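Read off the chains here:
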There are 2 protein chains.
Amino acid sequence: MGVADDTKETSRRRGGRKARQEMRAAPIPREEAAVKPGMVGGKYQPLSRAEQERIHESALEILETVGISDTIPSGIEYLTSVGCRYENGRMYFPRKVIAETLEKANYRFTLHGRDPVHDIEPCGKKVYFGTAGAAVHIAEPETNTYRESFLHDLYDAARIVDNCEHIHYFQRSVVPRDIEDPRDMDFNTAYASLAGTNKHVGTSMVMPQHVTDVLEMCHMIAGSEEAWRAKPFVSMSCCFVVPPMKWAEDACACLETAILGGMPVLLLSAGQAGATSPAALAGAVVLQVAECLAGLTYVNAISPGAPAIFGPWPFVSDLRTGAMSGGSGEQALLTAACAQMGQFYGLPTGSAAGMCDAEMPDIQAGYEKGLTAALVGASGLNMVYESVGMHASLLGFCLESLLIDNDMIGAINRNVRGIEVNDATLSVDIIREVCLEGPGHFLGSDQTLSLMQTEYVYPELATRMSPKEWNEAGKPDIVKKATARKKEILSTYFPGHIPADVDKAIRDKFNVLLPEESVRPK
Amino acid sequence: MGVADDTKETSRRRGGRKARQEMRAAPIPREEAAVKPGMVGGKYQPLSRAEQERIHESALEILETVGISDTIPSGIEYLTSVGCRYENGRMYFPRKVIAETLEKANYRFTLHGRDPVHDIEPCGKKVYFGTAGAAVHIAEPETNTYRESFLHDLYDAARIVDNCEHIHYFQRSVVPRDIEDPRDMDFNTAYASLAGTNKHVGTSMVMPQHVTDVLEMCHMIAGSEEAWRAKPFVSMSCCFVVPPMKWAEDACACLETAILGGMPVLLLSAGQAGATSPAALAGAVVLQVAECLAGLTYVNAISPGAPAIFGPWPFVSDLRTGAMSGGSGEQALLTAACAQMGQFYGLPTGSAAGMCDAEMPDIQAGYEKGLTAALVGASGLNMVYESVGMHASLLGFCLESLLIDNDMIGAINRNVRGIEVNDATLSVDIIREVCLEGPGHFLGSDQTLSLMQTEYVYPELATRMSPKEWNEAGKPDIVKKATARKKEILSTYFPGHIPADVDKAIRDKFNVLLPEESVRPK
């Protein structure tokens, strides 16, 4: 595979290899980067249009004839007011109601970052990659151990994401198990996220009062409620349903509060195929789509046009044990099919890919993450949640993996961008010149030099060495490199995303558990 | 994510979890397996039809106006006899000649295994995964070292592939560097492959006499030349061209001998974008497609309808160093685009995916392999070469990775199979029953039990454990498990694929360097 290094001709023209290395070493302006947030995907489409229609029809049938149990009183009021039928303890959704919901729904909204460079527009087939999850453990590759996750881990994860070019938003990934009180937990989860990154933050709350707390903090950070409502920078991940077809009562109450407070919501229906959803992949998609359409009806009954992300998240079960499994080919199919159903409706859609079942950042973790995130990215899913850092079927989170997965997502995002075919890229004239007049290779051609940044993505931690170079470099280990980079970021990067005066006001009002010196060291 | 274990209802019905585990422990009949060789892909299509046409047109233009240099005398005779124009040392291909080639070409042939269960039919969008390569090193994860590759490594690789459900054919993956004489090297490469596996074998020869040697061995193994020609079980990987647009003279001479001897050929054009092919991805595809069309013209000039695999293999260069890089998002795009061009012509097509730049089976290796093999599998490429075992940008090969990658390809192949959408899989009745009458979950439903083998693929080496289970199991390490499995196979598996009498006859006639006791231990 060896290719001769530059010939004299190329060195004369542009300085050859050295010039290329120097050019690459300089920071790349964002507008020239090979990949940006929101590349347009959709070239992987496992379902035909007819199959999408059959899934849609089946979802409508279930909504109309099976209905959803456990509706809270306010939900009964909202849903019957738009035409749903409440009978024998179940809420039924006539087709007309779903059609009207789809007329009222918000198809185009922004998930704001506090820095507008991080704004996300989850529409069409634009793809954004981010974190998510509720891991209760941290995987520590340095010691090959698992431990409970704490509040500072969440803050650390947010600070690392703030440093990762290819991770476009930060959703709460670990549960701070050092906080017992649920209200403190929800508040501090949001606080730690907002302290660590100014990318868009997703979080989760278990009681309406907790939503109110977080909204109040958001008003303080934004400067006013109006400023918050104009550019909401926090969204709520809401498991509004317990599949199959049962509302999650507290989550529904939170949903109402968030919608009224102007907070975008992720309508997350997380079934497990073969356990809480049908084992047949198509059936799992049907059930989760039906539930999300119900959730969307709820949202639009509360406030027509409120921003909501359509979130069918069917997971795979390992049917030998019933355990959730996230890194399989079946998982990639399920999530890509859900992406297509979101596109079928034209709704901003989010689901999960890039998970793995491996405990540690090993080759199994790599291929499970790689195959699922690549296929789902190619499907054009707007919000690819859980795409970085997750391990052990979502039970574990690893900060080293965040950094390594950032490289992986860079490569996957380059794939999402696709191949541009035009007169220039078809390169007929360049091929002719190189073969008939030129040096017989393309190393020194102007095209090569001009495309090296705009056509290609380069990894930060991953190596591209021959065995000889690898030996001479002391056999670099990517996980150890990631640990070193993690320590560097965590010991030096204190972004102060919450200004000191606002921070003080928040601390005066709420029980902030992240010590001030963690956020703003002396 | 926890899901309650079986309730009493489900246990009563079918014995629940225990029944499922027992069912899974039994061997799965091939016709019931969730994945088989030759699943139909093609749901990932990065190029539009119009873009494919532009690439085709550009390739024709280059063939017509740039031409190929260094044609050997017999090639001049073959090619001018079908209408090519030879001028000023270059061979030009008028459009009419390409059109006629595409009329004569063989669109449907079988790559035979010596056991017909391993027959491969590379047509339509059927996908097969296998090895390939010419690695000169073996990666030894046990000691974290690289060493030269030897003949026994090739035999070992073949024996391991013979044990891997998801690896569908064996192409020579390492160069036996313990053999100096090229004729001995080529012969023994083929011999070791055929001794180790009865899946279809691909190999490579550098001189026509070597092809003749291997053909003679094939006649002996088949029983006669007629029997060999009826079901050829060895194909020749032929790098017939040195991009850009220069014939590889010795390879062309081998090509002629192989075609005349009834051996299927892989027409492999391996450029490196930015080095021996244009840096623009579309241009690299154009060049490799043009070269493969030229190769196909050559083949059909020698023998119309001879079996040939269309093999545009553009590789990515890391333009900072010029080094080949195989595990990137750009690589997945290049190979998938080539798959589509093969589909554009309807030709049996093979190219490379599943490579990685990482030296060892680590997380980088995993994600590089996973993302490229998954996307290319989804593109419907017929023959996915280099899909298992490769490291260090093709310079290294790892037997442990073969076994681990087998699990990965199983998952990817499950993805290739796709989602079946029909009345049964849409599961409307099952959802209704479970919600309105049943236990409120699907764990014990008849559908779940009946689909657990046919809908889902289970890995052999990869784990799906909670952190607690992982701890209790002694923190299993997938690479160590693979090493143990490798040792088990290599110390116990001596398939004797070449019967003793034939083996003796071959050893009498040729310089077989693999000791008899390696093949048939006492």
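Residues numbered from 1 in each chain as written. Chains lettered and ligands numbered in written order. Predicted model: local features only at pLDDT ≥ 70, side-chain atom pairs only at ≥ 80, totals over all residues.

Draft legend 1. Molecular detail of the overall build of chain A. On a plain count of helices and strands, chain A comes out with 21 helices and 21 strands. Taken against the 2.2 N^0.38 rule, which gives 24 Å for 522 residues, the C-alpha radius of gyration of chain A at 24 Å falls within 12% of a compact globule. Along the first, second and third principal axes, the C-alpha set of chain A runs to 85 × 60 × 50 Å. Counting the 522 residues in chain A, one finds 62% classified as buried. Counting contacts in chain A only where the partners sit at least 6 residues apart, residues at least 24 apart contribute 76% of the total. (Helix = DSSP H or I, 4+ residues; strand = E, 2+ residues; numbered from the N terminus. Rg over C-alpha atoms; globule rule 2.2 N^0.38 Å. Buried ≥ 20, exposed ≤ 12 C-beta atoms within 10 Å, placed from the backbone. Contact = placed C-beta atoms within 7 Å.)

Draft legend 2. Examining the interface of chain B and chain A more closely. Every contact between the two is made by 118 residues of chain B and, on the other side, 117 residues of chain A. Top contributing element to the side of chain B that touches chain A by residue count: helix α13 (residues 363–379) of chain B, with 12 residues.

Draft legend 3. Inspection of the packing of helix α3 (residues 49–65) of chain B against helix α11 (residues 281–302) of chain B at higher detail. Residue and element names in this part refer to chain B. Their axes nearest at 8 Å, the elements α3 and α11 cross at an angle of 60°. The orientation of α3 with respect to α11, classified from their angle, is oblique. The handedness of the crossing between α3 and α11 comes out as right-handed. The segment α3 lies against α11, with Ile-55, Ser-58, Ala-59, Ile-62 and Leu-63 engaging Ala-282, Val-285, Val-286, Val-289, Ala-290, Leu-293 and Ala-294. Along the lines of polarity and charge, the residues of the contact of α3 with α11 split into 11 nonpolar, one polar and no charged. (Axes fitted to C-alpha atoms, helices over the stretch in contact; angles between N-to-C directions. Parallel < 35°, antiparallel > 145°, perpendicular 65-115°, else oblique. Left-handed = near helix turned anticlockwise from the far one by under 90°. Nonpolar A, V, L, I, M, F, W, Y, C, P; charged D, E, K, R; others polar.)

Draft legend 4. A look at the sheet that holds strand β20 (residues 390–391) of chain A. Residue and element names in this part refer to chain A. Judged by pairing direction, the sheet is mixed, and its four strands sit side by side in the order β7-β6-β21-β20 without closing on themselves. Either end of the sheet is taken by a strand with one partner, and the two such strands are β7 (145–148) and β20. Where strand β6 (residues 137–140) and strand β21 (residues 396–397) come together, two bridges link them in parallel fashion. Following the sheet pairing, His-137 is matched in β21 by Gly-396. (Pairing = 2+ DSSP bridges.)

Draft legend 5. Structural view of the confidence of the model for chain A. Looking at chain A as a whole, its pLDDT mean stands at 94, while 95% of the residues score no less than 70. Here residues 1–15 of chain A is a poorly scored stretch, pLDDT under 50, and it has 28 contacts once near neighbours within four places are set aside; other chains count. (pLDDT = per-residue confidence, 0-100.)

Draft legend 6. Layout of the relation of the copies chain B and chain A. Expressed as a screw operation, the relation of chain B to chain A combines 0.0 Å of axial shift with a rotation of 180°, fitting to an RMSD of 0.0 Å. Expressed as a symmetry operation, the mapping of one chain copy onto the other fits a two-fold axis. (Least-squares fit on C-alpha atoms with pLDDT ≥ 70 in both.)

Draft legend 7. Structural detail: the pairing of strand β13 (residues 265–269) of chain B. All names here are of chain B. In terms of burial, β13 is largely enclosed, as five of its five residues are buried. With burial as the criterion, each face of β13 is covered, one bearing Val-265, Leu-267 and Ser-269 and the other bearing Leu-266 and Leu-268. Across three bridges, strand β10 (residues 234–238) lies against β13 in parallel orientation. Looking at β13, one finds that Met-236 is bridged to Val-265.

Draft legend 8. Up close: the environment of Gly496(B). Looking at the secondary structure, you find Gly496(B) in the loop between α19 (478–492) and α20 (500–509). Sequence separation of Gly496(B) and Tyr345(B) is 151 residues, and the distance between their C-alpha atoms is 40 Å.

Draft legend 9. Here's a closer look at the sheet that holds strand β19 (residues 383–385) of chain A. Residue and element names in this part refer to chain A. Strand order in the open sheet formed by four strands is β1-β5-β19-β18, and the pairing between neighbours is mixed. Strands at the two margins of the open sheet, each flanked by one partner only, are β1 (39–40) and β18 (350–352). One ladder, built from three bridges, connects β18 with β19; its direction is parallel. Bridge pairing in β19 links Ala-352 to Tyr-385.

Draft legend 10. How the structure looks around helix α12 (residues 329–345) of chain B. All names here are of chain B. Compared with an ideal rise of 1.5 Å per residue, which puts 17 residues at 24 Å, α12 spans 25 Å between its outermost C-alpha atoms and is within 8% of the ideal. Most of α12 sits inside the fold, with 16 of its 17 residues counted as buried. In the stretch just after α12, Gly-346 is the one whose phi turns positive, near 75°. (Expected span 1.5 Å × (residues − 1).)

Draft legend 11. Main features of the packing of helix α7 (residues 182–196) of chain B against helix α8 (residues 208–222) of chain B. All names here are of chain B. Relative orientation of the contacting elements α7 and α8 amounts to 30°, with a least axis distance of 9 Å. Judged by the inter-axis angle, α7 sits roughly parallel to α8. Judged by the sense of rotation from one axis to the other, the crossing of α7 with α8 is right-handed. Taking contact as the criterion, the partners of Arg-183, Asp-186, Phe-187, Ala-190, Tyr-191 and Leu-194 in α7 are, on α8, Gln-209, His-210, Asp-213, Val-214, Met-217 and Ile-221. Here the contact of α7 with α8 is composed, by residue class, of seven nonpolar, two polar and three charged.

Draft legend 12. Seen up close, the nonpolar core. The biggest cluster of nonpolar side chains holds 359 residues, and the ones touching the most others in it are Leu267(A) and Leu267(B). Apart from the residues within four sequence positions on either side, Leu267(B) is in contact with Cys238(B), Phe240(B), Cys292(B), Gly295(B), Leu296(B), Val299(B), Ala308(B), Ile309(B), Phe310(B) and Gly311(B). (Core = buried A, V, L, I, M, F, W, Y, C linked by C-beta atoms within 7 Å.)

Draft legend 13. Structural view of the pairing of strand β13 (residues 265–269) of chain A. As judged from the five bridges shared by β13(A) and strand β15 (residues 308–312) of chain A, these two strands associate in the parallel manner. Considered in β15(A), the bridge of Leu268(A) is made with Gly311(A).

Draft legend 14. Seen up close, helix α8 (residues 208–222) of chain A. All names here are of chain A. In a regular helix each residue adds 1.5 Å, so 15 residues correspond to 21 Å; α8 covers 21 Å between its end C-alpha atoms and thus fits that length. For α8, every residue scored as buried is listed here: His-210, Val-211, Asp-213, Val-214, Leu-215, Met-217, Cys-218, Ile-221 and Ala-222. Buried residues along α8 sit against α7 (182–196), β9 (200–203), α9 (225–230), β10 (234–238), α10 (249–260) and α20 (500–509).

Draft legend 15. The arrangement of unusual backbone geometry in detail. Residue and element names in this part refer to chain A. With an omega of 0°, the peptide bond between Pro-243 and Pro-244 qualifies as cis. For Pro-244, the location among the structural elements is in the loop between β11 (241–242) and β12 (246–247). The backbone phi angle of Asn-144 is positive, close to 55°, even though this residue is not glycine. Within the secondary structure layout, Asn-144 lies in the loop between β6 and β7. One non-glycine residue, Lys-475, lies in positive phi territory at about 55°. In this structure, Lys-475 sits in the loop between α18 (467–472) and α19 (478–492).

Draft legend 16. View of the environment of Asp508(A). Residues and elements named next belong to chain A. Residue placement: Asp-508 occurs in helix α20. What makes Asp-508 exposed here is the crowd of 8 C-beta atoms within 10 Å. C-alpha of Asp-508 to C-alpha of Leu-490: the two residues are 18 residues apart in sequence and 26 Å apart in space.

Draft legend 17. Fine view of the environment of Glu469(B). Mapping Glu469(B) onto the fold places it in helix α18 (residues 467–472). For Glu469(B), a count of 15 C-beta atoms within 10 Å gives the class partly exposed.

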